[in-house]
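Structural overview
Here's the letter readout for the chains.
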Amino acid sequence: MDLSIVVGVDGSEPSLRATDWASDEAALRGVPLRVVYACLWERYEGAALAKDLGKPSTQALPQEITGAAVRRAQARHPDLKVTADVVFEEPEYALVRESRNASALVVGNRGRSGLAAALLGSVSLTVAAHAHCPVIVLRGSHDNQATPPVHGRVVVGVGEEAEDSAAVRFAYEEARRRGVPLEAVRAWRCPAHETSDHPLLADTPARLHEQHAEETLSAALSDAPADVELHRRTVEGHARRVLVDASHGADLLIVGAKRRAGHLGLQLGRVAHAALHHSACPVAVVPQQA
């Protein structure tokens, strides 16, 4: 049985855009879409009290939120199988649990409770850091659709431990489904203490680091499928800056995140964290067991 694409909704504009993306992704994969609205409000207070206290009606009637999302997805893809559920639980906990039985999970960059100045909502950040499946966080100005592509390119960041990379495998599939090239990017840096003042040796340390980056990239892409157009690129600089720069010309930026058993903190890493906060396009965070 094919696992569904799950989208977390709350009636906000970012979650509506997430619904559009998720329905496109589900249609691309040929799998069902599951719409989930999670909240604690009605469980403890009830819709009547929410109304008395002047809470938004969409918070008091979560079934209306899921119903609107289902209609939106079906209008976009009439043949798509869409189901919905309301869960009376903290959204981050509910969505992480949903990720155990999903092929991917889609969320907006922030929901109703997010401050306008926030770079990324706490729910989206927590879900991306703990989910058991790839999480796509909608960012950027062209992030309301998975197809047709705006830039016609998927970008994946290749880390130091790149062999058998779940992020790279996920990137192959996303590029194949969209019929667009995949650009694999490996950042490298030459520490200042390794530079030489001797004119004949000035470029030697940098060249060694660049060569190592090229070798790492080749190892990561050694099993690239023949039907995916692949572009390899090594770039000098911090990986965080390099990938954020690359996101400006991409439809999807894919990064890996190590999952360490027994670790309770945010399991993202600095590169994925920066991508989620600053990317100009949607970001897919793909868990990788350490």
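Residues numbered from 1 in each chain as written. Predicted model: local features only at pLDDT ≥ 70, side-chain atom pairs only at ≥ 80, totals over all residues. Heavy atoms only, no water.

1. Comments concerning the sheet that holds strand 6 (residues 154-157)
Within a sheet, each strand pairs with its neighbour through backbone hydrogen bonds, oriented either parallel or antiparallel. Strand order in the open sheet formed by 10 strands is 3-2-1-4-5-10-9-6-7-8, and the pairing between neighbours is mixed. With partners counted over all chains shown, the strands left at the sheet margins are strand 3 (82-87) and strand 8 (230-236), one partner each. With strand direction ignored, the average angle separating the axes of adjacent strands in the sheet is 25°. Sheet topology places strand 1 (residues 4-8) next to strand 2 (residues 33-38); four bridges connect them, and they run parallel. Within strand 2, the residue paired with Ile5 across the bridge is Leu33. The sheet contacts of helix 11 (residues 270-278) involve strand 5 (135-137), strand 9 (252-259) and strand 10 (283-289), and relative to strand 9 the element is tilted by about 145°. (Pairing = 2+ DSSP bridges. Helix = DSSP H or I, 4+ residues; strand = E, 2+ residues; numbered from the N terminus. Axes fitted to C-alpha atoms, helices over the stretch in contact; angles between N-to-C directions. Contact = heavy atoms within 4.5 Å.)

2. Quick look at helix 8 (residues 166-178)
Helix length check: helix 8, at 13 residues, gives a terminal C-alpha distance of 19 Å against a target of 18 Å (1.5 Å per residue), a fit within 8%. Residues of helix 8 that are buried: Ala166, Ala167, Val168, Phe170, Ala171, Tyr172, Glu174, Ala175 and Arg178. Residue Ser165 occupies the N-cap position of helix 8, its side-chain oxygen lying 3.3 Å from the main-chain nitrogen of Ala167. Taken from the residues just after helix 8, Gly179 is the one with a positive phi, measuring 70°. (Expected span 1.5 Å × (residues − 1). Buried < 20%, exposed > 50% of the residue type's maximum accessible area, 1.4 Å probe, protein only. Polar contact = N/O pair within 3.5 Å; in protein donor to acceptor, adjacent residues only side chain to side chain.)

3. A look at the pattern of salt bridges
Evaluation of the coordinates by the stated rule reveals 18 salt bridges. Residues Glu89 and Arg97 are paired through a salt bridge, measuring 2.5 Å at the closest nitrogen-oxygen approach. For Glu89, a relative accessible area of 22% corresponds to the partly exposed category. Notably, a salt bridge pairs Arg207 with Glu210, separated by 3.2 Å at the nearest N-O pair. (Salt bridge = Lys/Arg side-chain N within 4 Å of Asp/Glu carboxyl O.)

4. Section: the pairing of strand 7 (residues 182-188)
If a strand is regular, its side chains alternate between the two faces of the sheet. Burial within strand 7 is extensive, with seven of its seven residues counted as buried. The sheet contact formed by strand 6 and strand 7 spans four bridges and is parallel. Each residue of the ladder has a partner; that of Val154, found in strand 7, is Leu182. Here strand 7 runs beside strand 8; their pairing, made up of seven bridges, is parallel. What sits directly across from Ala184, in strand 8, is Arg232.

5. Quick look at the nonpolar core
Grouped together as the largest cluster of nonpolar side chains are 45 residues, with contacts concentrated most on Leu33, Val106 and Ile254. Ignoring anything within four residues of it in the chain, the contact list for Val106 reads Ile5, Val6, Val7, Gly8, Ala18, Trp21, Ala22, Ile136 and Leu138. (Core = buried A, V, L, I, M, F, W, Y, C linked by side-chain atoms within 4.5 Å.)

6. Overview of the confidence of the model for the protein chain
Per-chain confidence: the protein chain averages 83 in pLDDT, with 79% of residues scoring 70 or above. Here helix 4 (residues 57-60) stands out as the element of the protein chain with the lowest mean pLDDT, 48, in contrast to strand 1, whose mean of 97 is the highest. Below pLDDT 50 for its whole length, residues 113-119 participates in seven contacts with residues either more than four positions away or in separate chains. (pLDDT = per-residue confidence, 0-100.)

7. Topic: the side chain of Ser99
Residue placement: Ser99 occurs in the loop between helix 6 (91-98) and strand 4 (102-107). A polar side-chain atom of Ser99 sits 2.9 Å from the main-chain amide nitrogen of His132. If we ignore the near neighbours within four places in the chain, the residues touching Ser99 are Leu105, Ala131, His132 and Cys133.

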